[in-house]
Amino acid sequence: MKGNEAFAEAAIRAGADGYFGYPITPQSEVMEYLMAEKPHERTGMVVLQAESEVAAINMVYGGAACGKRVLTSSSSPGISLKQEGISYIAGAELPCLILNVVRGGPGLGTIQPSQSDYFQSTKGGGHGDYRMIVLAPSSVQEMADFAGLGFELAFKYRNPVMVLSDGAIGQMMEKVELEEQRPRFTEEEIIKNTPWATTGKTKNRERNIITSLNLDSAKQEQHNIDLQKKYKLIQEKETRFELINCEDAEYLIVAYGTSARLSQKAVDLLRNQGIKAGLLRPITLFPFPTEAISKLADRVKGILTVEMSAGQMVEDVKLAVGCRVKVEHFGRMGGIIPSPTEVVEAMHKKIIGG
Amino acid sequence: MANITKEEIRKPENLVYKKTDLLTDKALSYCPGCGHGTTHRIIMEVLEEMDIQDKTIGIAPVGCSVLAYDFMNIDMQQAAHGRAPALATAIKRLMPEKFVFTYQGDGDLAAIGTAETIHACNRGENIVIIFINNGIYGMTGGQMAPTTLPGMKSSTSPYGRDTHLMGNPLKMTELVAQLPGTIYVTRQSVHTPSNVRKTKKAIRKAFENQKLNKGVSFVEVVSNCNSGWKMTPVQSNKWMEENMFPFYPLGDIKVNTD
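So, a few notes on the structure that sits alongside this text. (Residues numbered from 1 in each chain as written. Chains lettered and ligands numbered in written order. Predicted model: local features only at pLDDT ≥ 70, side-chain atom pairs only at ≥ 80, totals over all residues. Heavy atoms only, no water.)

1. Quick notes on the nonpolar core
Nonpolar side chains in soluble globular proteins tend to end up buried together. By size, the foremost hydrophobic cluster in this structure holds 120 residues, and its most contacted members are F7, F20, L71, L94, I303 and V317 of chain A together with F218 of chain B. A domain split of this core shows at least three residues from each of domain 1 (3-187) and domain 2 (241-352) of chain A. With sequence-adjacent residues up to four places away left out, V317 of chain A is seen in contact with V254, F288, I293, I303, T305 and V327 of chain A. Membership of the second largest hydrophobic core comes to 36 residues, among which are C34, V190, I203 and V221 of chain B. (Core = buried A, V, L, I, M, F, W, Y, C linked by side-chain atoms within 4.5 Å. Buried < 20%, exposed > 50% of the residue type's maximum accessible area, 1.4 Å probe, protein only. Domains from an automatic or database assignment. Contact = heavy atoms within 4.5 Å.)

Next up, the structure:
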């Protein structure tokens, strides 16, 4: 399956209640697949093509506020349009799933894959102090797996979860193992699981209000303090990463998504040259594997980050490392995927020989 | 009459009117004389009379009525500016057995939320839209709205709305009446007791229409904004009759509920 299709199928199987989207390359297969699958008949899931990304993310807000498992997908320019809604969703502490199949920017940019939305995804993106949980798949299998995991984390923390993919992972075809269909939650289960949801005020409870507004500054500050506590808890509990050949590594590459795939090849090439290279692949970009990188920084001689951007994640790697070892960035921009050979050359030039 | 005590007046058999329990006891944040409070009341009365409090989800906008959920004793969501019809679309589609309504002002519905309004109406979402049109941005301090009349003064049209420079007021209600997804489109007011009764009937009909599953019921309430218009409440109602109603005539625009 294509990455985008695997994500769509996995979302149905994860018991999603609703999808709201707007077409944009390179992620349109998500809604195309969903429409073709008639999930309304399969599971009762609602799929609606909205009039804009802005409307789609606000439909997600409305559905999430009812305790439903709802999601949207888009690509970079469309995700920019959704930022207002994401900020409101984070402020109102609503669970939802957002897929970004990143393409090159800025502006209309290109339809080719890129990783230049790292800042936007991990540092907020919209207004206010908030964080999304950001999952970065590097295979079609993970595109599928992260639909279910994304919903799980979103509801666990009442927080938006972004699956930060890219045009390559979204478009490529690989074998994938899918979870069994899980039933959608019934209204009774939703009322039990999410007692805060707007399901209709019954006589035996107070009304439920979903809002991000506090005109009283003291209350709004307390709300922010509570949000920060939640983000800290997420950092403690949900940091995920993969280590490849790091046991004896003297030189480390840090890369996620498509860049991690080609960096793994670069590690092999470096090892063939007798250089002890390893790869740390962040799976969650927020929370970022700061501690794991910090530990490795104590025993490696240098770190290269590989990103399809001008260097965004490199800032978080530098924060983790301090000035203990050299940290350099290598990347291509505008929709170009670097080759493993280029990464090997960059490691020699910027780290080993630099 | 002077010898009747307070206690006697308060006897149940003397009760002629009671605030609905669907309004909270919180004091309204609206200016004295404003139509929001009355409109809130009649919506909640309709929900009480239909006995659908436990099945209704309301959506508050951004604007003066952003805190509508403080006064309406039902489950509510607060939307980003203009996006209420998008929220309502999802809520109703995900929970078709519920009653869903949006409560929006003119800036919210007819400026920043134009796309959401028109597309929800055109898709024929099975929702109620209550549209309060007072021709001005009240909350932010009286700026020009999409519905500000030609020549009408506001803080961003201090010499009067010059349509050559500032564009024309938008008759959103006539516009949505053209769309196949609306089944009931009406324009009412709440400035006299008889108009309040008519508006209440219209709102009742709009909610009853949700049982038909046929599309949007759209109720515009032409209202005053005495603070924004810089008039007394009485002056503002008179001004509304003389200036707003000729441009925004009251009455049903579309009734297609058969």
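2. Observations regarding unusual backbone geometry
Peptide bonds are trans in most cases, and residues, glycine excluded, mostly fall at negative phi. Residues and elements named next belong to chain A. A cis amide bond links T25 to the next residue, P26, at an omega of 5 degrees. Looking at the element boundaries, P26 is found in the loop between β1 (18-21) and α2 (29-37). A cis geometry characterises the amide bond from F286 onward to P287, with omega recorded as 0 degrees. With respect to the helices, strands and loops of the structure, P287 is situated in the loop between β11 (284-286) and α13 (290-297). Despite not being glycine, K38 has its phi angle at roughly 45 degrees, a positive value. Along the chain, K38 falls in the loop between α2 and α3 (39-42). At E93, a position not held by glycine, the phi torsion is positive, near 55 degrees. Note that E93 resides in the loop between α6 (83-91) and β4 (96-102). (Helix = DSSP H or I, 4+ residues; strand = E, 2+ residues; numbered from the N terminus.)

3. Description of the sheet that holds strand β2 (residues 46-49) of chain A
Read from one edge to the other, the open sheet built from seven strands follows the order β2-β1-β3-β4-β6-β5-β11 (chain A), with strand pairing classed as mixed. Two strands close off the open sheet at either side, each with one partner strand: β2 and β11 of chain A. Between one strand axis and the next, the sheet turns through 20 degrees on average, direction left out of account. Here β1 of chain A runs beside β2 of chain A; their pairing, made up of four bridges, is parallel. From the neighbouring strand, G21 of chain A faces β2 of chain A, where its bridge partner is Q49 of chain A. Where helix α4 (residues 84-94) of chain B meets the sheet, it contacts β1, β2 and β3 (70-74) of chain A, and its direction lies at approximately 150 degrees from that of β2 of chain A. (Pairing = 2+ DSSP bridges. Axes fitted to C-alpha atoms, helices over the stretch in contact; angles between N-to-C directions.)

4. Focus: the interface of chain A and chain B
Every contact between the two is made by 37 residues of chain A and, on the other side, 35 residues of chain B. Taking both partners together, chain A and chain B bury about 2800 Å²; carbon and sulfur atoms supply 58% of that area. Broken down residue by residue, the surface that chain A buries against chain B is led by E51, K201 and R207 of chain A, which jointly contribute 22%. Scanning the region where chain A abuts chain B turns up four salt bridges. For R123 of chain B, the salt bridge is made with E51 of chain A, and the minimal N-O distance between the two is 2.8 Å. For the pair chain A and chain B, the interface holds 19 residue pairs in polar contact (both at pLDDT 80 or more). Contributing elements (two or more residues each) for the side of chain A that touches chain B: β1, β2, α4 (53-64), α6 and β7 (209-210) of chain A. Tallying contributions element by element places α4 of chain A first for the side of chain A that touches chain B, with seven residues. (Buried area = accessible area lost by both parts, 1.4 Å probe. Salt bridge = Lys/Arg side-chain N within 4 Å of Asp/Glu carboxyl O. Polar contact = N/O pair within 3.5 Å; in protein donor to acceptor, adjacent residues only side chain to side chain.)

5. Points about the layout of surface pockets
Empty pockets left among the atoms are what a rolling probe the size of a water molecule brings to light. Residue and element names in this part refer to chain A. If you add up the space inside the largest pocket, you get close to 370 Å³. Surrounding the largest pocket, 19 residues form its lining, T239, F288, P289, T290 and E291 being those nearest its centre. If you list the elements that add at least two residues to the lining of the largest pocket, you get α7 (118-122), α11 (217-237), β11, α13 and α14 (313-321). In terms of residue count, the dominant contributor to the lining of the largest pocket is α13 (four residues). When the residues that make up the lining of the largest pocket are grouped by side-chain class, the tally is nine nonpolar, four polar and six charged. When we break the lining of the largest pocket down by domain, the ones giving at least three residues each are domain 1 (3-187) and domain 2 (241-352). (1 Å grid on protein atoms, 1.4 Å probe; cavity = no way out; pocket = protein on both sides within 12 Å on 5 of 7 lines; lining within 4 Å. Points joined across faces, edges and corners; volume = space filled by probe spheres on them. Nonpolar A, V, L, I, M, F, W, Y, C, P; charged D, E, K, R; others polar.)

6. Structural notes on the sheet that holds strand β1 (residues 56-60) of chain B
In sheet architecture, strand pairing relies on hydrogen bonds along the backbone and comes in two forms, parallel and antiparallel. Reading across the sheet, the eight strands line up as β7(A)-β2(B)-β1(B)-β3(B)-β4(B)-β8(B)-β7(B)-β9(B) and stay open at both edges, with mixed pairing between neighbours. Two strands lie at the open edges of the sheet, namely β7 of chain A together with β9 (251-255) of chain B, each paired on one side alone. Here five bridges tie strand β3 (residues 99-105) of chain B to strand β4 (residues 128-133) of chain B, and the two strands are oriented parallel to one another. In the strand pairing of β4 of chain B, Q104 of chain B is matched with F131 of chain B. Here helix α6 (residues 114-123) of chain B sits on the sheet and contacts β4, β7 (182-189) and β8 (216-222) of chain B; the angle it forms with β8 of chain B, its principal contact strand, is near 135 degrees.

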